[in-house]
Amino acid sequence: MKNIISKIGLAIMLTASLASCSKFEELNVDPTKVNEDQVRVEYLLNNAIIGAQQDPHIAERMFVLYWKTAARQHLSTGLAGGTHSDGWSSDYWGRGYLSQWLNNVNLAITVGNKRIADNTAEAHINNVVQISRIWRAYLMSEATDNFGPIPINGFQGENPEYSNVKDVYYYMLEELKDAVSKINSATIPSDYKKYDNAYAFDLDNWVKYANSMRMRLAMRIAEVDPTKARTEFENAVATGKYIKNAEDMFDVAERPGWDPLSGVMSREWNGQVLSATLNNLYVGLGGIKSANQLAATFAPKIKPANYAGLRLLEHFSQKTNDPMAGYFFDGLPNTIDPRAYKTFYIPGDVNSPQFSLYPSWTDDAKITKVKLKRTAGDIELDVKNTWSAQAIGDFGAKGSANEIRTIQVGKIPGLSQAYRASGSKRVFFASWESYFLIAEAALKGWTTGTTAQQAYENGVKASFEYNGVSQFATEYLNSTNYNNVGTSVKFTHTTEPGNSRSMSYIDGYTKAAGTTTIAYPVNTIYKNGTVRNDALTKIITQKYIANMPWLPLEAWNDHRRLGLPFFENPAIENPLPNLPDLNSGNFMTNNVKFFPQRLPYPSTFRESDEANYEKAVGLLGGEDKVSTPLWWAKKQ
């Protein structure tokens, strides 16, 4: 067996280990003098785990500004408008983050296997190696889902050979299956369990995670390689060992500070306010009344079920297919998914445990009075106890005159402090995801051991339990109420909502009451827009809501894969230069070209290894652009 380990590279990685694993100093060894015989395989694995949790520098760029933006988990145009940052991508890949995590986990595998081969390994090292292979598969999936073709044999001290996305997926699926098959009964000594920040080396949980990952990756390729996807999925689910309960979830505890375990959404300058995409899914879904979720003091602000809000056409763009474009909702919804009030705070509700004062160096979060500027005289609004959202994109002069749009924080519902204070656990794989994957598989006719409906309902219940709203689950699951995009909850209720509905409004300028027809949006990238309420739409809608906010990459992946759930087109009062296909003549129609498909490779890769860069782009099957779909994604 060939094992080449650079001692210089080893020293560099172990020096990095000191920064990310405070217990490493127990070795009491000068990191510049360590050698292969002294390094602990467990430490290398743990560095790869906690590194991927992402320190504030890279979390802000990748998790928040890339993934959450592409997934429409907050109001931000950025990548969702086709704009990427080469610097952010270089930081993630080319300047040590992802490459360091993969270096560490590959080194764990290489060192462990060498010791096993020369009979110097402790009994449990085989299992650490297999766990490292499982974690490497995840890291590779993160890389390929962002960029596309990557090296299967990369980050191992040799010049890598790039592989196309299909080959990478086949490799990851095989690695997960083979690693699980080689885990034996040798337990890992308790002294080392603190060096696994995810599962404390609980072998059974690692097996469950590996099988759930196989299910995730198999479903990812289901639209382009259904035979392979079905075989892999059925094999994984048949084991019965996958993430089913809260205690099985793969999560990593956060802590305050500035290191790899700091909260991924903790940077105060990121507003992370409610998006129109989420709001259109939340409002009306499940039929649970706001009056039954909130204190009685909110009752005067709860609006009738058919109320659209204040019509403010001079300040809100209508050049988008957001069904509520042009309206500001000046109260609280009559009915709303109960997870909404747990995930976002209500503007002005400063005593709520959800309320976030970020950024703490301004009073923006607490100020609820805003101005809408106009030549006929400014309008002042108080947004306290209101629940509004806006489409992403360019609002032009309308946005510039609208302080709700320009300030956002405290004016639009904002992400709960529970997710911002570095006191939670970052979820990498949750029980609800297993159930929604199984529901989708069963819907396809694959053998899963259960029905699509039962798995779907189990996924909803798991998400409700996580959010502390289980008391509403039964009523919610039986609801036939439609949300703003025409989808209901009850699995067997597939009646379409019709094309539109009549709603009341108040003219925000004249205060005159009126009625209008609000059309349900047409999601033309899913079944040509012919359905809004079929079983798959329900499954992905619930998966999307459940994955908020911990799993934005998965939410983005599902939308790229299926075109679900409905994402409104960015507003285009002015053209978006990085979405040239979206224009004033087609903004009411969805198109794959209107949504980001990947991250271009960083310039550091292109400049340092032109030959491999050219090969990677060739394997991509298109230009090295944000708009080029990956192998497993929808193409039109």
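Computed from a predicted model, the values in this text were never measured in an experiment.

Residues of helix α4 (residues 86-94) that are buried: Ser-89, Ser-90, Asp-91, Tyr-92 and Trp-93. Residues of α4 that are buried sit in contact with α3 (56-70), α5 (97-117), α6 (125-147), β1 (150-151), β2 (162-163) and α19 (603-608).

A sheet is described by the order of its strands in space; here 4 strands give the open sequence β5-β4-β12-β13, paired in mixed fashion. Of all strands in the sheet, those bounded by a partner on one side alone are β5 (327-328) and β13 (513-519). Sheet topology note: the strand β4 (residues 307-311)/strand β12 (residues 500-507) ladder contains 4 bridges and is parallel. Each bridged residue has a counterpart across the sheet, and for Leu-310 the counterpart in β12 is Ile-506.

With that settled, the discussion passes to unusual backbone geometry. Omega for the bond connecting Met-548 with Pro-549 falls within 30 degrees of zero, at 5°, which places this linkage in the cis form. Relative to the assigned elements, Pro-549 resides in the loop between α17 (535-546) and α18 (552-562). The phi torsion at Arg-72 lies on the positive side, around 60°, for a residue other than glycine. With respect to the helices and strands, the residue Arg-72 is situated in the loop between α3 and α4. Notably, Lys-527 is not glycine yet its phi reads approximately 50°, a positive angle.

On to the confidence of the model for the chain, then. In low-pLDDT regions, the fine details of the predicted coordinates are not to be read closely. Scored by pLDDT, the chain has a mean of 93; 93% of the residues are at 70 or more. Mean pLDDT across the elements of the chain bottoms out in helix α1 (residues 7-20) (35) and peaks in α17 (99).

Time to look at the side chain of Ser-262. Relative to the helices and strands, Ser-262 is located in the loop between β3 (250-253) and α10 (276-282). At 3.1 Å, the side chain of Ser-262 and the backbone nitrogen of Trp-258 are in polar contact. Setting aside anything within four residues of it in sequence, one finds Ser-262 in contact with Gln-53, Gln-54, Pro-56, Arg-255, Pro-256, Gly-257, Arg-267 and Ser-422.

A few words now on the nonpolar core. Trp-135, Tyr-209, Phe-233 and Phe-250 are the most contacted members of the largest nonpolar core, which has 187 residues in total. The element best represented in this core is α6, accounting for 12 residues. Excluding residues within four positions of it along the chain, Phe-233 makes contact with Met-215, Ala-218, Met-219, Leu-437, Ile-438, Ala-441, Trp-446 and Thr-448.

At a closest axis distance of 10 Å, the pairing of helix α8 (residues 203-220) and helix α14 (residues 431-443) adopts a crossing angle of 45°. Put simply, α8 runs oblique to α14. When the axes of α8 and α14 are compared, the crossing they make is left-handed. Residue-level inspection shows Ser-212, Met-215, Arg-216 and Met-219 of α8 in contact with α14, the latter providing Glu-433, Ser-434, Leu-437, Ile-438, Glu-440 and Ala-441.

The subject of this paragraph is the environment of Asn-574. In this structure, Asn-574 sits in the loop between β14 (571-572) and α19. The exposure class of Asn-574 is partly exposed, given its relative accessible area of 37%. A C-alpha to C-alpha distance of 5.9 Å links Asn-574 and Asp-394, two positions 180 residues apart in sequence. Not counting the four nearest positions on each side in its chain, Asn-574 is found in contact with Asp-394 and Gly-396. Of note is the side chain of Asn-574, whose polar atom sits 3.3 Å from the side chain of Asp-394.

Taking 1.5 Å per residue, 23 residues should reach 33 Å; α6 reaches 33 Å between its end C-alpha atoms and fits that length. The buried fraction of α6 amounts to 23 of the 23 residues, a majority that puts the element mostly inside the structure. Remark: Gly-148 follows α6 within two positions and exhibits a positive phi of approximately 115°.

Here is what the cut-offs are and how they apply
Residues numbered from 1 in each chain as written. Predicted model: local features only at pLDDT ≥ 70, side-chain atom pairs only at ≥ 80, totals over all residues. Heavy atoms only, no water. Buried < 20%, exposed > 50% of the residue type's maximum accessible area, 1.4 Å probe, protein only. Helix = DSSP H or I, 4+ residues; strand = E, 2+ residues; numbered from the N terminus. Contact = heavy atoms within 4.5 Å. Pairing = 2+ DSSP bridges. pLDDT = per-residue confidence, 0-100. Polar contact = N/O pair within 3.5 Å; in protein donor to acceptor, adjacent residues only side chain to side chain. Core = buried A, V, L, I, M, F, W, Y, C linked by side-chain atoms within 4.5 Å. Axes fitted to C-alpha atoms, helices over the stretch in contact; angles between N-to-C directions. Parallel < 35°, antiparallel > 145°, perpendicular 65-115°, else oblique. Left-handed = near helix turned anticlockwise from the far one by under 90°. Expected span 1.5 Å × (residues − 1).

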